[in-house]
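Per-entry structural report
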Amino acid sequence: MATLFFASANDRLYLMKKSSRMGKYRNIAFHIIACVIFMATPIIFPTHPPEEKDFLLSVPTRRDFIANLMMLCIFYANYYYLIEKFFIKKKYFLYGIIILSGLALISIVPSLITGRNPLHNAPRMPHIVSHETAEDFGFLGNFWNQISHHIYLYAVIIVFSILMQVQNRIRKIENEKLYAELAHLKMQIHPHFLFNTLNSIYALSIKKDERAAETVIKLSDFMRYLLQDSYQNEVSLEKEIEYISNYIDLQRSRLRDTVDLTYDTSGNFEGKKIAPLLLFTFIENAFKYGVNPDEESVIRIQIETLGKEVILKVFNRIVTSVNIESTNIGIQNTKERLELFYQNKHSLAIDNAQDTFSVVLKITLI
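Fair warning: this is a prediction, and the values are worked out from it, not measured in the lab. (Residues numbered from 1 in each chain as written. Predicted model: local features only at pLDDT ≥ 70, side-chain atom pairs only at ≥ 80, totals over all residues. Heavy atoms only, no water.)

It is worth spelling out the environment of N316 at this point. Positionally, N316 belongs in strand β5 (residues 309-317). The spacing of N316 and V298 is 18 residues in sequence and 5.4 Å in space, taken between C-alpha atoms. Excluding residues that lie within four positions of it along the chain, N316 makes contacts with A286, Y289, G290, V298, I299, D355, T356 and F357. (Helix = DSSP H or I, 4+ residues; strand = E, 2+ residues; numbered from the N terminus. Contact = heavy atoms within 4.5 Å.)

In this section: the pattern of salt bridges. Enumeration according to the criterion identifies three salt bridges in this entry. Residue D64 is joined to R63 by a salt bridge in which the shortest nitrogen-to-oxygen separation is 3.2 Å. In this pair, the class of D64 matches that of R63, namely buried. (Salt bridge = Lys/Arg side-chain N within 4 Å of Asp/Glu carboxyl O. Buried < 20%, exposed > 50% of the residue type's maximum accessible area, 1.4 Å probe, protein only.)

With that settled, consider the pairing of strand β6 (residues 346-352). Relative to strand β7 (residues 356-364), β6 is paired through seven bridges, and the arrangement is antiparallel. Across the sheet, residue A349 finds its bridge partner in β7, namely V360. (Pairing = 2+ DSSP bridges.)

Right, let's get into the sheet that holds strand β2 (residues 259-266). What the five strands build is an open sheet, ordered β2-β4-β5-β7-β6; its pairing is mixed. With one partner strand each, in any of the chains shown, β2 and β6 form the two edges of the open sheet. The average angle at which neighbouring strand axes cross in this sheet is 5°, direction not considered. Bridge analysis of β2 against strand β4 (residues 297-306) gives eight bridges, and the strand direction is parallel. Residue pairing in the sheet places V259 in a bridge with S297 of β4. The strands touched by helix α9 (residues 237-255) are β2, β4 and β5; relative to β2, the strand with the most contacts, the crossing angle is about 160°. (Axes fitted to C-alpha atoms, helices over the stretch in contact; angles between N-to-C directions.)

To continue, consider the packing of aromatic side chains. A ring pair, where both rings are aromatic, is described by two values, the distance of the centres and the angle of the planes. Tallying each qualifying case throughout the model produces ten aromatic pairs. Residues F75 and Y79 carry aromatic rings whose centres are separated by 6.3 Å and whose planes lie at 0° to one another, so their mutual orientation is stacked. Placement of the pair is F75 and Y79 together in helix α3 (residues 59-87), with a separation of four residues, close to one helical turn. With a relative accessible area of 9%, Y79 lands in the buried category. Ring geometry for Y76 against Y80: centres 6.2 Å apart, planes inclined by 15°, an arrangement best described as stacked. Note that Y76 and Y80 are positioned in helix α3 at a spacing of four residues, about one turn of the helix. On the basis of relative accessible area, Y76 is assigned to the partly exposed category, the value being 24%. What links up through ring pairs into an aromatic cluster is the set F75, Y76, Y79, Y80 and F160. (Phe/Tyr/Trp six-rings, centres within 6.5 Å; stacked < 30°, edge-to-face > 60°.)

A few words now on unusual backbone geometry. Positioned with a positive phi, K90 is a non-glycine residue whose angle comes to about 65°. Turning to its location among the elements, K90 is positioned in the loop between α3 and α4 (92-113). At N344, a residue that is not glycine, the phi angle is positive and equals roughly 65°. Here N344 is to be found in the loop between α11 (328-341) and β6.

On to the nonpolar core, then. Note on soluble globular proteins: their nonpolar side chains tend to be buried together. The biggest cluster of nonpolar side chains holds 44 residues, and the ones touching the most others in it are L279, I283, F287 and I363. Top element by residues in this core is α9. It accounts for eight residues. If we skip the residues at most four places from it in the chain, F287 touches Y247, I248, Q251, L255, L261, I299 and I301. Within the second largest apolar cluster, 21 residues are counted, among which are M70, Y79, F86 and L103. (Core = buried A, V, L, I, M, F, W, Y, C linked by side-chain atoms within 4.5 Å.)

What follows covers the packing of α9 against helix α10 (residues 280-289). Where α9 contacts α10, the two axes come as close as 11 Å, and the packing angle between them is 10°. Of the possible angle classes, the one that applies to α9 and α10 is roughly parallel. Residues E240, Y243, I244, Y247, I248, Q251 and L255 of α9 form the contact with α10, whose participating residues are F280, I283, E284 and F287. (Parallel < 35°, antiparallel > 145°, perpendicular 65-115°, else oblique.)

Quick look at the structure:
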């Protein structure tokens, strides 16, 4: 069962990597579009009537453009540096001072750059704060008229950047957890099979059988694929079949004539890609639950391709075995993987009779 859980973790990690690669340029495009829209807000949502003369070149519009540009700089500084340096490390006081300093800058600097002191007789904007309200507060009312929308936007970008960084950290932790899970599971894969195969190699060596060297090479290729090649996003179908063939040859060398085993392949496997370890889980189950030296053991395995479709047929007699887990977890795991990778592009028929177990899997490769 270790291989099944290894595959599941590997699949989730693969999907994260694939999603990350596919989303790289999409994220860049998203940021560019978002920045353009944000910079255009003084035009889309003007803080003074657009029918005014020289609306696009007016002082309020230029002031808003400068304020938005400063807020974008603060957003990325907060997202890439300040949150990690202060907020995550719970240096809330320093973080608060920096954020409030940024608020002071975007409240005052844009007006100063455009030639107006926001603290002295700034023009009122009665559509935001009423004339009477502004009169009640004097120059403070006028100042609030000018920068209130900046404060709202500033609060939004600070909260948004924190939420984005928290989401990224959660994703990073999940990735690290998966890497740790894979590293742990690698050491548990096929322990009984490996020990038995090594015993078979030892027996062949004692007899000075020429097949000993060949078996060592097959075992080496088997482990290389399992621990190295299967980390790839996809593998060639040809390599997957070679991996399966090595596994079956190793089983043959171990089981000798105690199992009635047939294994056939047909079709063209070149130029096709498939998710790693997907076909293998059914074949592994056949050997795990269909082999007993004291009973008649029968295993039939057939793999063929028809155009873009790969077809796997596995049949085995169900034999009595001790200390064996149910297949339900492994079968369910494989079904989930098929739905994940080949939704609406596969069919799976399982016949679990009283003394036989058979699988017919058809996958349309992308």
